[in-house]
Amino acid sequence: MEKKDSSSSFTIGSSAQERRWPYVADCYVIPSSNRPSLTPETANVPVIDFSRLRQDATRRANVIKEIGNACHQVGFFQIVNHGICQSLLDGALSVASDFFKLPTEEKVKFMSTDVKKPVRYGTSLKDGVLDRLQFWRVFLKHYAHPLSDWIHLWPKNPPHYRENMGEYCKEVRNIAMELMGAINESLGLDPSYLSKQMEDGMQVMAVNCYPPCPNPELALGLPPHSDYTCLTIILQNSAGLEVIDKREGKWKLIPDVHGALQVHIGDHLEVLSNGLYKSVVHRAILNSETTRISIASLHSMGMDEKMGSAEELVDDQHPKKYKESSFSDFLDFLCKNDITEGKNFIDTLKIKA
């Protein structure tokens, strides 16, 4: 049952989702037109056998075509047979879950209002800046590349956090670099296009916890948005991610495929492709029974490195459609804008005809 509350905000460490309140306060209730269904339709998501990229030329060409189609049509796909063992995936999810079970005083050691701080814990979309509308999520974000530069700043507790998460970060980064090469090929570019910039670029881990919500039809874990990245790769312990079906205009649930990794096309890849590929709009829904954990690995070029459209994809028939931008530009946008009002970073980059 929905219960009203006069409070419009909760401080980090005492938010409703952290304290497991038995009702949804007003500041979490989203407009009725945007509320999720308790029985959502399942999305038809391409599933890519990643191992075929490493086989003979014919199989590789076929899977690159499949990846290109997925990027063009939906901006989202799942990969299986990626080569990361299940025990490593389970280990990363386990330490992520254990972190959020720690006492509040342990977690709030990582609280910060600095969006560029390399390790931070919080609940708000703007990492410390008060959101008018609250979301039923707690997160830990940390930089992960180069791993040796950042891992000593990560939580020491739970005891195996650095080891388990560090191993996963290395493996998923290798997948991301290989995927970028394949996506470049699907665009007709050299596989090594921007490879040096990506190798030297950013890997940000967003470790998300979505506690049980007493009225999951009233709130969201995250509002509709697209990622600023080139690629985002997600590992999760249960379903809870929805994408918008562009043809039907409906939100549909991404099915949970055991051992699969979810791949999102981000804003910077949309820019690189000059609009041939579109970043995927997605949101996180909730449930009333279990805690959902997701680990998003966000891959982009360096903090101040500008992404622009590939020259090979721009001509008189296909003029440049986007301004250049960096990860730092996105952080500035996030500080100054409210994405709950439908403001998207990618829209600020589009060049008006």
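Residues numbered from 1 in each chain as written. Predicted model: local features only at pLDDT ≥ 70, side-chain atom pairs only at ≥ 80, totals over all residues. Heavy atoms only, no water.

The protein goes by Fe2OG dioxygenase domain-containing protein in an unreviewed UniProt entry, where it is assigned to Salix dunnii. In the Function (unreviewed entry) part of its UniProt record, the protein is described as follows: "Involved in the regulation of shoot development and salicylic acid (SA) homeostasis." (UniProt positions renumbered as here; feature names shortened; annotations may be inferred.)

Undergrad: Can you explain the overall build of the protein? Please cite residues and give values.
TA: Of regular secondary structure, the protein possesses 10 helices and 12 strands. Rg of the C-alpha trace for the protein: 20 Å, near the compact-globule value of 20 Å for 353 residues, within the 12% margin. C-alpha atoms of the protein, sized along the principal axes, occupy 55 × 45 × 35 Å. Counting all 353 residues of the protein, 56% fall into the buried class. Restricting the contact set of the protein to residue pairs at least 6 apart, pairs at least 24 apart contribute 75%. A total of about 15300 Å² of accessible surface is found on the protein, and carbon and sulfur atoms cover 50% of it. With 40 positive and 45 negative side-chain charges, the protein shows a separation of 4 Å between the mean positions of the two kinds. (Helix = DSSP H or I, 4+ residues; strand = E, 2+ residues; numbered from the N terminus. Rg over C-alpha atoms; globule rule 2.2 N^0.38 Å. Buried < 20%, exposed > 50% of the residue type's maximum accessible area, 1.4 Å probe, protein only. Contact = heavy atoms within 4.5 Å. Areas by Shrake-Rupley, 256 points an atom, 1.4 Å probe, with all protein chains shown as cover. Lys, Arg positive; Asp, Glu negative; His and termini not counted. Charge placed at Lys NZ, Arg CZ, Asp CG, Glu CD.)

Undergrad: Now, about the sheet that holds strand β8 (residues 241-245): what can you tell me, with residues and values included?
TA: One key point about sheets: their strands pair by backbone hydrogen bonds, in either a parallel or an antiparallel sense. Reading across from one edge, β6-β11-β8-β9 is the order of the four strands in this open sheet, with antiparallel pairing throughout. Every interior strand has two partners, whereas the edge strands, β6 (222-225) and β9 (250-253), have only one. Adjacent strand axes in the sheet meet at a mean angle of 25° when their direction is disregarded. Of the strand pairs in this sheet, β8 and β9 are connected by four bridges, and their pairing is antiparallel. Within the sheet, the bridge partner assigned to D245 lies in β9 and is K250. (Pairing = 2+ DSSP bridges. Axes fitted to C-alpha atoms, helices over the stretch in contact; angles between N-to-C directions.)

Undergrad: Now, about unusual backbone geometry: what can you tell me, with residues and values included?
TA: Backbone torsion omega between H145 and P146 reads -5°, so that peptide bond is classified as cis. Across the junction of N157 and P158, the peptide omega takes the value 0°, indicating a cis bond. For P158, the location among the structural elements is in the loop between α5 (147-150) and α6 (161-186). Positive phi, close to 60°, is recorded for L194, a residue that is not glycine. Examined against the element boundaries, L194 turns out to sit in the loop between α6 and α7 (195-199). Unusually for a residue other than glycine, N274 sits at a positive phi of about 55°. Position of N274 among the secondary structure elements: in the loop between α8 (267-272) and β11 (282-284).

Undergrad: Would you mind going over the pattern of salt bridges in detail, with residue names and values included?
TA: Here the structure, examined in full by the defined rule, presents 17 salt bridges. A salt bridge links R283 to E242; the shortest N-O distance between them is 2.8 Å. Here R283 is found in strand β11, whereas its partner E242 is found in strand β8, with 41 residues between them in sequence. Just as R283 is buried, E242 falls in that class too. For D245, the salt bridge is made with K252, and the minimal N-O distance between the two is 3.2 Å. Residues joined by salt bridges that share partners form a network here, namely E41, D245, R247, E248, K250 and K252. (Salt bridge = Lys/Arg side-chain N within 4 Å of Asp/Glu carboxyl O.)

Undergrad: I'd love a proper account of the UniProt feature "domain: Fe2OG dioxygenase" (unreviewed entry) in the protein, names of residues and values included.
TA: UniProt marks residues 198-301 with the feature "domain: Fe2OG dioxygenase" (unreviewed entry), using the numbering shown here. As a span, residues 198-301 carries 8% helix and 43% strand, and end to end its C-alpha atoms are 5 Å apart.

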